[in-house]
Amino acid sequence: MTGRTLRPDSPTGSFDRLGAAARMLLTTDGTVTPMLEQMVVEPIITSQLSHDTRVSPTDIAAMPQSYRHDRLTARTTQLVGAHSGTVYVHARSVLVLDALPEPLRTDLMTTREPIGRLLRKHRIESFRELLTCSVPDDCPSRGGASRRYRVFVGGIAALLIEEFFSSACFTRHA
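Just so you know, these numbers come straight off a predicted model, no measurement behind them.

Caption draft 1: Examining the environment of Cys133 more closely. Tracing the sequence through the fold places Cys133 in strand 5 (residues 126–136). Residue classification places Cys133 among the buried residues on the basis of a relative accessible area of 3%.

Caption draft 2: Looking closely at the packing of aromatic side chains. Counted according to the given criterion, the structure contains 1 aromatic pair. Plain terms: the ring middles of Phe127 and Phe152 are 6.1 Å apart, the flat faces sit at 50° to each other, and that makes the pair tilted. Of this pair, Phe127 sits in strand 5 while Phe152 sits in strand 6 (residues 146–153); the two residues are 25 residues apart in sequence, bridging distant segments of the chain.

Caption draft 3: Summary view of the pattern of salt bridges. One pass over the full model with this rule turns up 8 salt bridges. Residue Arg117 pairs with Glu37 through a salt bridge whose shortest N-O separation is 2.6 Å. Placement of the pair is Arg117 in helix 5 (residues 115–121) and Glu37 in helix 2 (residues 32–40), with a sequence separation of 80 residues. Between Glu162 and Arg92 there is a salt bridge, with the nearest N and O atoms lying 2.3 Å from each other.

Caption draft 4: Quick peek at unusual backbone geometry. A positive phi angle, near 55°, is found at Val41, a position not held by glycine. Of note in the backbone geometry, Gln48 takes a positive phi value of approximately 55° without being a glycine. Summarising the element assignment, Gln48 is placed in strand 2 (residues 44–52). Since its relative accessible area comes to 59%, Gln48 is described here as exposed.

Caption draft 5: Here's a closer look at helix 1 (residues 20–27). Taken as a whole, helix 1 has its buried residues at Ala22, Leu25 and Leu26. Buried positions in helix 1, seen along its axis, are confined to an arc of 95° and lie on one side of it. Of the surrounding elements, those touching the buried residues of helix 1 are helix 2, strand 5, strand 6 and strand 7 (156–165).

Caption draft 6: How the structure looks around the pairing of strand 3 (residues 72–81). Among the 10 residues that make up strand 3, 9 are buried, leaving the element largely enclosed by the rest of the structure. Examined bridge by bridge, strand 2 and strand 3 share 7 bridges and lie antiparallel to one another. When the sheet's bridge partners are listed, Ile45 is paired in strand 3 with Val80. Here strand 3 pairs with strand 4 (residues 87–96) via 9 bridges, running antiparallel. Within strand 4, the position partnered with Thr76 by the bridge is Arg92.

Caption draft 7: Here's a closer look at the pairing of strand 4. Counted residue by residue, strand 4 has 7 buried out of 10 residues, so it is predominantly covered. Between the antiparallel neighbours strand 3 and strand 4 lie 5 residues, among them Gly85 with a positive phi of about 75°. Pairing of strand 4 with strand 7, which is carried by 7 bridges, proceeds in the antiparallel orientation. Directly across from His90, in strand 7, lies its bridge partner Phe164.

Quick notes on the rules
Residues numbered from 1 in each chain as written. Predicted model: local features only at pLDDT ≥ 70, side-chain atom pairs only at ≥ 80, totals over all residues. Heavy atoms only, no water. Helix = DSSP H or I, 4+ residues; strand = E, 2+ residues; numbered from the N terminus. Buried < 20%, exposed > 50% of the residue type's maximum accessible area, 1.4 Å probe, protein only. Phe/Tyr/Trp six-rings, centres within 6.5 Å; stacked < 30°, edge-to-face > 60°. Salt bridge = Lys/Arg side-chain N within 4 Å of Asp/Glu carboxyl O. Arc of directions from axis to C-beta. Contact = heavy atoms within 4.5 Å. Pairing = 2+ DSSP bridges.

Here it is as structure tokens:
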């Protein structure tokens, strides 16, 4: 699969063939779930949520060195349409458990809520640093667009999130 991976400060390049809503979805520094719900006109729920203490070396390298590796947890899930069952996003996250307030940490490990909803529920002020966006040449017809970003909580990189968008995200829904 060919395409371009762009840094957030790069010219749009292959992003030009995406609609405005799809470009905003891929480059937002806000929570993706409410934007996705508006694009696909249905509520979003999670599916196939899992946690794992094994974290890839690539993900570890993207996180602060000051945290012990045994305090990192990988969380994978799908963002799915509540009515249609359509899988819109495959998401993989690395949680720096020590950097998260205890109530948020507990909810992340025990509920099925998307991360963005939990950040809002607990009124966590955060900043998202977009690292990369990738749009393959055959996107949006075949999907495959992705983005990777860090979420800072209290000035500390607490989450590393990678999202892979299906073609259903870029199809107009009525």
